[in-house]
Amino acid sequence: MEKIIMVLERSKDLYCAYSDNCDGIYAAGDTMEEAKADAYRAIEGIKRNLPEDRWPKQIKGEFEIEWKFDVPSFLEYYSNFMSLAGMERMTGVNQKQLSNYLNHRAVPRRKQADRIVTGIHRFARELLSITL
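Residues numbered from 1 in each chain as written. Predicted model: local features only at pLDDT ≥ 70, side-chain atom pairs only at ≥ 80, totals over all residues. Heavy atoms only, no water.

K.L.:
Where do I start with the state of the cysteines in this structure?
P.N.:
Cysteine pairs can be linked by a disulfide, which is a covalent bond between their two sulfur atoms. Within the structure shown, the criterion is met by zero disulfides. The structure places no disulfide on C16, whose sulfur is separated from the nearest cysteine sulfur, that of C22, by 18 Å. C16 sits in the partly exposed class, given a relative accessible area of 27%. We classify C22 as buried; its relative accessible area is 3%. (Disulfide = S-S within 2.5 Å. Buried < 20%, exposed > 50% of the residue type's maximum accessible area, 1.4 Å probe, protein only.)

The structure is reproduced here in structure tokens:
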């Protein structure tokens with residue numbers, strides 16, 4: 001199964017998505033969900049409008065999409081579900097610094113971005129292990 005990496009970014013007006021490893025897939029929407037749906041429509045448009053020999057190899061068979069965020073877009077979207085204080089407890093990155101990333105006043109170094117991802121993944125694994 002092929003993996004298509006789609007980068008999601010928040011611009012001033014909308015969410016944009018583009019493929020990091022598959023040419024020709026671009027999408028946008030007012031919400032993240034709309035941008036994701038538009039990416040699938042873009043793939044279907046390629047299949048509908050181009051002969052199969054011109055399709056990118058990633059979409060010729062089964063594929064999955066991996067969504068990749070930049071740090072500010074991730075923080076903005078998920079701040080609807082988690083506070084910066086909660087993210088601080090999950091990641092060990094203080095909320096003032098997270099706020100700076102969220103508001104584009106600072107850009108995290110790779111090590112700091114990895115720290116955020118590791119903390120979020122650890123929290124997600126913990127949630128997956130819970131039953132009610």
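K.L.:
What is the right way to read the pattern of salt bridges from this model?
P.N.:
This structure, assessed with the given rule, holds six salt bridges. In this structure, the salt-bridge partner of E66 is K3, at a minimum N-O distance of 3.1 Å. Highlighted residues: E66 in strand β4 (residues 63–69) and K3 in strand β1 (residues 2–10), separated in sequence by 63 residues. When the shortest N-O distance is used, the salt bridge between D38 and R41 registers 3.5 Å. (Salt bridge = Lys/Arg side-chain N within 4 Å of Asp/Glu carboxyl O. Helix = DSSP H or I, 4+ residues; strand = E, 2+ residues; numbered from the N terminus.)

K.L.:
Whenever I open this one, the packing of helix α3 (residues 84–91) against helix α4 (residues 95–102) confuses me. Can you help?
P.N.:
Helices that pack against each other are described as a pair by the angle of their axes relative to one another and the distance between those axes. In the contact formed by α3 and α4, the axes pass within 9 Å of each other and the chain directions differ by 115°. When the interaxial angle is binned, α3 and α4 end up roughly perpendicular. For the pair α3 and α4, the sense of crossing is right-handed. Here α3 contributes L84, A85, M87, E88 and T91 to the contact with α4, which in turn contributes Q95, L98, S99 and L102. Taken together, the residues of the contact of α3 with α4 sort by class into five nonpolar, three polar and one charged. (Axes fitted to C-alpha atoms, helices over the stretch in contact; angles between N-to-C directions. Parallel < 35°, antiparallel > 145°, perpendicular 65-115°, else oblique. Left-handed = near helix turned anticlockwise from the far one by under 90°. Contact = heavy atoms within 4.5 Å. Nonpolar A, V, L, I, M, F, W, Y, C, P; charged D, E, K, R; others polar.)

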